[in-house]
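Architecture at a glance
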Amino acid sequence: MLGLSNEVYLLLDALAAILGLIVLITRFKLHPFVALTLAAGFLGLTSGMPVDKVVKSYQDGFGGVLGFVGIVLGLGTMLGKMMAESGGAAQIARTLVDRFGRERVHWAMMFGAFLVGIPLFFEIGFVLLIPLVFIIARATGISLVKIGIPLLAGLSVVHGLVPPHPGPLLAIGVFGADIGKTIFYGLLVGLPTAIIAGPIFGALISKYVPGRPSEQLMAQLAHEPEAKQLPGFGITLVTILLPVALMLLKSYADVAFDEKSIVRVWMDFLGNPITALLAALLLSLHTFGTARGFSAKQILKFLDDSLAPTAAIVLIIGAGGGFKQMLVASGVGNAIGQMAVQAELSPILLAWLVAAVIRIATGSATVATITGAGIVAPIATLVPGV
């Protein structure tokens, strides 16, 4: 086409689709779900795919992703809502602040956000904890920047690297990765990253960036919450880390026991993300629900309310799966894989570059992960040892 080889044309076509996706989201403020759908349709129609297969490929990718991630997303959202309503997030943050002391309060905020962010989406964790940042700043006189940057770092790192967040789960599905190892390496890489980007960078940049908000804003956000019986620090940690522990045990059982061992069979069942999150949610109905004095009617309302905000996230994830499938069905993935192999370009570096550019342009870790995984996945089968 146009005098170009088929591989070059497909690469240029994919580049145009991705640039169009970024422009639609950033310049025209189009909803990411609609933008991803349009980009997938454009790629399918212009890549030479049969017209009747364009919609079918998008539909298969959409449904294939949500068949697993949609269930996990719903269970994780419910667990996060129970934690939020019970005051468990505030309990973790306050306990860590008390233990670390005034001089190291920015370290406490990072660790607190890191733990709270495991079951909670970034936006929910931010809304829950940002009043605590203002309260601490007012009580201690420490710069908001010095306390706030660690909060953002802790939440952002687990959102981008650690299951059961949607981005890492999608990448696990695309690459066929082991979920236990992903959690382990996500935490292993994520904690040092959060330390550098959080308390270390926050302490440095706060010397140059003023962190004094207006009195009106401080009065609005720094009010103390109404007194109520918060769950204990220990039981809160047990509840929110239960799915992580079960998934890690599954990975251990896969290594330690024979494939037909009854122990391994049951651990694989209990360590499945769906089963693990369901177990944690059922536990939370007591630890964050009835034990806190909430009635069955109140708990039902919490669970109902938690699902409404996830509708847009579910559609975006599904559309990202459709776009990923279009990259595969159109042959773009194979073309990129062949190019990377011939150029001896590291697939790890390519994956990071693609994801970083899309993340910076769109602001969405989930969109960046879906798109990046779809582009880079074919290379994993072409390059030994990836």
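Reading the values: rules and limits
Residues numbered from 1 in each chain as written. Predicted model: local features only at pLDDT ≥ 70, side-chain atom pairs only at ≥ 80, totals over all residues. Heavy atoms only, no water. Helix = DSSP H or I, 4+ residues; strand = E, 2+ residues; numbered from the N terminus. Rg over C-alpha atoms; globule rule 2.2 N^0.38 Å. Buried < 20%, exposed > 50% of the residue type's maximum accessible area, 1.4 Å probe, protein only. Areas by Shrake-Rupley, 256 points an atom, 1.4 Å probe, with all protein chains shown as cover. Lys, Arg positive; Asp, Glu negative; His and termini not counted. Charge placed at Lys NZ, Arg CZ, Asp CG, Glu CD. Expected span 1.5 Å × (residues − 1). Phe/Tyr/Trp six-rings, centres within 6.5 Å; stacked < 30°, edge-to-face > 60°. Lys NZ or Arg CZ within 6 Å of the ring centre and 35° of its normal. Salt bridge = Lys/Arg side-chain N within 4 Å of Asp/Glu carboxyl O. Axes fitted to C-alpha atoms, helices over the stretch in contact; angles between N-to-C directions. Parallel < 35°, antiparallel > 145°, perpendicular 65-115°, else oblique. Left-handed = near helix turned anticlockwise from the far one by under 90°. Contact = heavy atoms within 4.5 Å.

Focus on the overall build of the protein chain
- Helix and strand counts for the protein chain stand at 18 helices and zero strands.
- Here the C-alpha atoms of the protein chain give a radius of gyration of 22 Å, agreeing with the 21 Å that 2.2 N^0.38 yields for 386 residues.
- Taking the principal axes of the C-alpha coordinates as reference, the protein chain spans close to 70 × 60 × 40 Å.
- By the burial criterion, 47% of the 386 residues in the protein chain qualify as buried.
- Working note: accessible area of the protein chain is about 18400 Å², and carbon and sulfur atoms make up 68% of it.
- Counting 23 positive and 19 negative side-chain charges, the protein chain places the centres of these two groups 8 Å from one another.

A look at the environment of Leu 278
- With respect to the helices and strands, the residue Leu 278 is situated in helix α13 (residues 273–289).
- As a C-alpha pair, Leu 278 and Ile 370 span 92 residues in sequence and 25 Å in three-dimensional space.

Structural notes on helix α1 (residues 6–26)
- Look at α1: 30 Å from first C-alpha to last across 21 residues, which is about the 30 Å you get at 1.5 Å a residue.
- Along α1, the residues classified as buried are Tyr 9, Leu 10, Asp 13, Ala 14, Ala 17, Ile 18, Leu 21, Ile 22 and Ile 25.

Let's talk about the packing of aromatic side chains
- One pass over the full model with this rule turns up six aromatic pairs.
- Measuring from centroid to centroid gives 6.4 Å for Phe 122 and Phe 126, while their planes differ by 10 degrees, and the two rings are stacked. Here the residue Phe 122 and the residue Phe 126 both occupy positions in helix α6 (residues 122–140), the gap between them amounting to four residues, near one helical turn.
- In this structure Phe 126 comes out as partly exposed when scored by relative accessible area, which is 29%.
- A cation over a ring is seen here: Arg 27 above Phe 28, with NZ or CZ 5.6 Å from the ring centre.

Some points on unusual backbone geometry
- Residue Pro 163 is joined to Pro 164 through a cis peptide bond whose omega torsion reads 10 degrees.
- Among the structural elements, Pro 164 can be located in the loop between α7 (144–161) and α8 (166–175).
- Notably, Lys 29 is not glycine yet its phi reads approximately 55 degrees, a positive angle.
- Mapped onto the elements of the fold, Lys 29 is located in the loop between α1 and α2 (32–46).
- For Lys 29, a relative accessible area of 66% gives the class exposed.

Describing helix α15 (residues 310–329)
- Its 20 residues place the ends of α15 28 Å apart at the C-alpha level, agreeing with the 28 Å of an ideal helix rising 1.5 Å per residue.
- Looking at α15, one finds that the buried residues are Thr 310, Ile 316, Ile 317, Gly 318, Ala 319, Gly 320, Gly 321, Gly 322, Phe 323, Lys 324, Met 326 and Leu 327.

Topic: the pattern of salt bridges
- Enumeration over the complete set of coordinates arrives at six salt bridges.
- Asp 60 is the partner of Lys 56 in a salt bridge, and the nearest nitrogen-oxygen pair spans 2.9 Å. Of this pair, Lys 56 and Asp 60 both sit in helix α3 (residues 51–86), four residues apart, which is roughly one turn of that helix.
- In this structure Asp 60 comes out as partly exposed when scored by relative accessible area, which is 39%.
- When the shortest N-O distance is used, the salt bridge between Glu 85 and Lys 81 registers 2.9 Å. Pair noted here: Glu 85 and Lys 81 are both in helix α3, with a separation of four residues, about one helical turn.
- For Lys 81, a relative accessible area of 22% translates into the label partly exposed.
- Taken together, the shared-partner salt bridges in this structure form one network comprising Lys 250, Asp 254, Arg 264 and Asp 268.

Considerations on the packing of α15 against helix α18 (residues 365–382)
- Relative to each other, α15 and α18 sit at 20 degrees, their axes nearing to 8 Å. It follows from the interaxial angle that α15 and α18 lie roughly parallel. In this structure, the crossing between α15 and α18 has a hand that is right-handed. Between α15 and α18, the residues in contact are Ile 316, Ile 317, Gly 320, Gly 321, Phe 323, Lys 324 and Leu 327 and Thr 366, Val 367, Ile 370, Thr 371, Gly 374 and Ile 375, respectively.

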